[in-house]
Amino acid sequence: MTESPKNLRDASLTTAIMAEIRRITTRPWNIMEICGGQTHAIMQYGLDQLLPPDITLIHGPGCPVCVTSLQAIEQGLQIASQPEVILTTFGDMLRVPGNKADLFTARSQGADVRVVYSPLDSLRIASANPDKQVVFFAIGFETTAPTIASTILSASKAGIPNFSILPANVLVPPAMHAILSNPANRVQGFLAAGHVCAVMGYHEYLPIAEQYQIPIVVTGFEPVDLATGILMTVQQLEAGKHEVANAYPRFVTKEGNRVAQDMIAEVFKPVDRQWRGIGTIPLSGLGLRPEYASFNALTRFELPETSPSESPLCIAGKVLSGVSKPLDCPAFGRQCTPVQPLGAPMVSSEGACAAYYRYHRTRE
Amino acid sequence: MCLGIPGKVTKIYEQDGTLMASVDFDGVEQSVCIATTPEVELGQYVLVHAGFALNILSDTEAEETLKILRDLQEFNAGLTEEDRIQ
Amino acid sequence: MTQSEMPFLEGPNCPLPLKDRGQIVLGHGSGGQMTHDLVRDVFQRRLSNAILDTANDAALLTAAPPGKRLVVSTDAHIVSPLFFAGGDIGRLAVCGTVNDVAMLGADPRFLTATFILEEGFSIAELELIVDSFAEACQEAGVELIAADTKVTENGKSDKLFISTTGFGWADGRLQIGGEQAKSGDAVIISGPVGNHGIAVAEARGNLGFISQVRSDTAPLNHLVMTLLDAGLDIHVLRDPTRGGLATTLVEIARQSLVNIELIEEQIPIDKPVRKTCELLGLDPLYLANEGKLILILPSDQAEDALRIMHNTRYGEEAQVIGRVLASSSGQVWLKTPFGTTRVLEMLAGEMLPRIC
């Protein structure tokens, strides 16, 4: 076969898998998916409505938009407001609230903020505007990291002096450690992010499964992929197993993409990083190696100290780590809505709160 | 972090020193950087995210997944109506 | 004097209106000879009709015929880029207003237009746009009866903005509006959605894809008149422009205080639109359409409506996509092929490509 199977959205196949899940489930299980894209897909197809009531899906901090620290957003706003700067960013970031404003309002007030689809577009803008400083807001998990690493390598090779990044990339395994070592943790099984694993492989999850005695199944994004991943997780839970399994073999291998990993390792190194709402997780972010430190936008601009403060009403941290549900939040749907979000999980369409707001409104 | 869809490599070329490909997504074409998958060949499918190819579609693995699922479907066909989700 | 020694004279201070160099200059907006020449050479040549040619500052019209009511709509067009596959700002300006008038069951007859030009804008491009404007007027059967042009300094506008106002007569007995949807009605869309949004995104050129999707910009008044002439009991007509199909249906659901249930599989979406949306993380239900209409009418008339639409230009791919249910909340639900349901909200802000 030379093409991606077309029947991965097949409704009857998906419901067949869901029927099997229902058949084998004998007790309640909590499964976390730690990928915003998977949350989005689950919500879009309503897959959680097909699961037996005993299976609870918890939406983890897998949305890079939601977890980018308030400090990084404030830095982005400050950089964008400099007259000689073009700030380039993925569309997801535009409406994430900072202290008072977001990049959208900054743009409406005259800042040159441009949405790009790829970090390479940002580099092209830099080449085309040599008199400007072009900064790329570098968010994302390991899926996005190689794209940014490759861009920096290209910039370095071509000697492009006016391109830099605001480093905000984060890593999945440290977040999993943070969630699983929390005494209030309810998560019993994990769906690992299929596209993160397409890059990194899944060898990093073996020690985690072992340490916390928890099944981890690498899962894709189509309805059949998601249903299969959940099935394989429930099968393990019911059998008392805690292995790493791969439900996305068409794009994921144990080793992953070594070329991409080498690029990441060439340009970046693990650093401590603040996750919005959760706090600092050690070695959970990617920072630039000394050889590429000149590409750090933070060293190119004199930025004043910020004391970012979150809304006291926002319980994003608890929601992101699966400890609370969005519906537990007193501000949910009242002071905090997608149009007027108090915290990041309400902004991004993959944020747990926004997903709940859109897809869990009850019918009379 | 995860929006990625598979497309077919129809052309490979170099642009400003970077290895690029034209990728076809069922009629929609995009130029994609394949520096991350330099070994890809014409006609193969790649997973594309933010304008980059992240990995190459593995035919044999894909076949295996489908087989598992087809077996499951046959198994499910033997279940009673009660067991099925409406 | 040689060519190079000729003084560069232009603008309101110059007594001698010299030929422009293919670009709009401030003098074109001064109201003097240059304006007159621009209007004559670019606009009147393409948009001549009895009323416009009287060249007064206002148009003298007869009153509405007995039994008819006057319907008026106005719209501003600032689309960028000005040209995209399947259309341009000129065609858009005509069709947008023609359609707004038609959505109340009125047959649009007259248009007024204001053209705001930026200093430096290419006259050749302006001519193409006015050609397109004129063609669209002809297709729709409307006459431009009053117009104005102004010129802003470079940087104070963006090449070209067009504002249009449309006038038409509607049968006085018609009760068509967003508040008229009733429980049991069928919801019909006249064709595939999302094309315009993708065509404009592609024309902007910064998302690096080639889909060859064409904008659906089209005048829908003939389609509407054909449906009305057939004596169908039409409750709601609306074109799902900004915000897309979903936002427009939410508006209607709230106005009428009903719930609308859509069947996802029945919503027509062209394959390249679908694929591009997957690629960029966009939702086709929220992309703008400029040549589609939503029709809501009693379900026992749906088949007749479809038959008529399938035989009328711009209605060939019409489909029933859902139904109206009684309620007091005004929600829109989408039933997925998996039998699950999700609520569709209005578009909150701009829809942006995502990586997540």
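Keep in mind the model is a prediction, meaning the values are calculated, not measured.

Observations regarding the sheet that holds strand 4 (residues 112-115) of chain A
Residue and element names in this part refer to chain A.
Then, number 1: As summarised here, the arrangement of the 4 strands in space is 4-3-5-6, forming an open sheet in which the pairing is parallel. Strand pairing shows two members of the sheet lacking a second neighbour, strand 4 and strand 6 (163-167), which therefore form its edges. If you compare each strand with its neighbour and ignore which way they point, the axes differ by 25° on average.
Then, number 2: Of the pairings in the sheet, the one linking strand 5 (residues 133-138) to strand 6 comprises 5 bridges and is parallel in character. Paired with Val 135 across the strands is Ser 164, a residue of strand 6.
Then, number 3: Against the sheet, helix 4 (residues 70-80) touches strand 3 (85-89), strand 4, strand 5 and strand 6, its axis set at about 140° to strand 3.

Overview of the nonpolar core
Then, number 1: Residues Ala 192 of chain A, Val 46 and Ala 53 of chain B together with Leu 160 of chain C are the most contacted members of the largest nonpolar core, which totals 256 residues.
Then, number 2: Among residues more than four places away in sequence, those in contact with Leu 160 of chain C are Leu 82, Ile 89, Phe 115, Leu 117, Glu 118, Phe 121, Leu 126 and Ile 129 of chain C.

Points about the domain arrangement of chain C
All names here are of chain C.
Then, number 1: In terms of domains, chain C is made up of domain 1 (21-57 + 65-171) and domain 2 (185-344).
Then, number 2: Taking the mean C-alpha position of each, domain 1 and domain 2 sit 27 Å from one another.
Then, number 3: Listed as interface residues are 22 residues of domain 1 and, on the opposing side, 25 residues of domain 2.
Then, number 4: Broken down by secondary-structure element, the contributors of at least two residues to the side of domain 1 that touches domain 2 are strand 2 (83-84), helix 3 (89-102), strand 4 (106-118) and helix 4 (123-140).
Then, number 5: Among the elements that make up the side of domain 1 that touches domain 2, the one with the highest residue count is helix 3 (8 residues).
Then, number 6: Here the residues of the side of domain 1 that touches domain 2 are counted per class, giving 14 nonpolar, 5 polar and 3 charged.

What about the interface of chain C and chain A?
Then, number 1: Each partner contributes residues to the interface: chain C has 22 residues there, and chain A has 33 residues.
Then, number 2: Considering each element in turn, the side of chain C that touches chain A owes the most residues, 3 residues, to strand 14 (residues 341-344) of chain C.
Then, number 3: Tallied by class, the residues present in the side of chain C that touches chain A amount to 11 nonpolar, 8 polar and 3 charged.

Let's talk about the confidence of the model for chain B
Then, number 1: For chain B, per-residue confidence averages 82 on the pLDDT scale, and residues scoring 70 or more make up 67% of the total.
Then, number 2: Considering only residues more than four positions removed or in separate chains, one finds that residues 79-86 of chain B, a stretch of pLDDT under 50, has 13 contacts.

Regarding the sheet that holds strand 14 of chain C
Residue and element names in this part refer to chain C.
Then, number 1: Pairing is mixed in the open sheet, where 7 strands are placed in the order 9-11-7-12-10-13-14. Looking at which strands have only one partner, the edges of the open sheet turn out to be strand 9 (236-238) and strand 14. Averaged over all neighbouring strand pairs, the angle between strand axes comes to 25°, with direction disregarded.
Then, number 2: Summarising the sheet, strand 10 (residues 258-263) and strand 13 (residues 332-335) pair through 4 bridges and their orientation is parallel.

What counts, and where the lines are drawn
Residues numbered from 1 in each chain as written. Chains lettered and ligands numbered in written order. Predicted model: local features only at pLDDT ≥ 70, side-chain atom pairs only at ≥ 80, totals over all residues. Pairing = 2+ DSSP bridges. Helix = DSSP H or I, 4+ residues; strand = E, 2+ residues; numbered from the N terminus. Axes fitted to C-alpha atoms, helices over the stretch in contact; angles between N-to-C directions. Contact = placed C-beta atoms within 7 Å. Core = buried A, V, L, I, M, F, W, Y, C linked by C-beta atoms within 7 Å. Buried ≥ 20, exposed ≤ 12 C-beta atoms within 10 Å, placed from the backbone. Domains from an automatic or database assignment. Nonpolar A, V, L, I, M, F, W, Y, C, P; charged D, E, K, R; others polar. pLDDT = per-residue confidence, 0-100.

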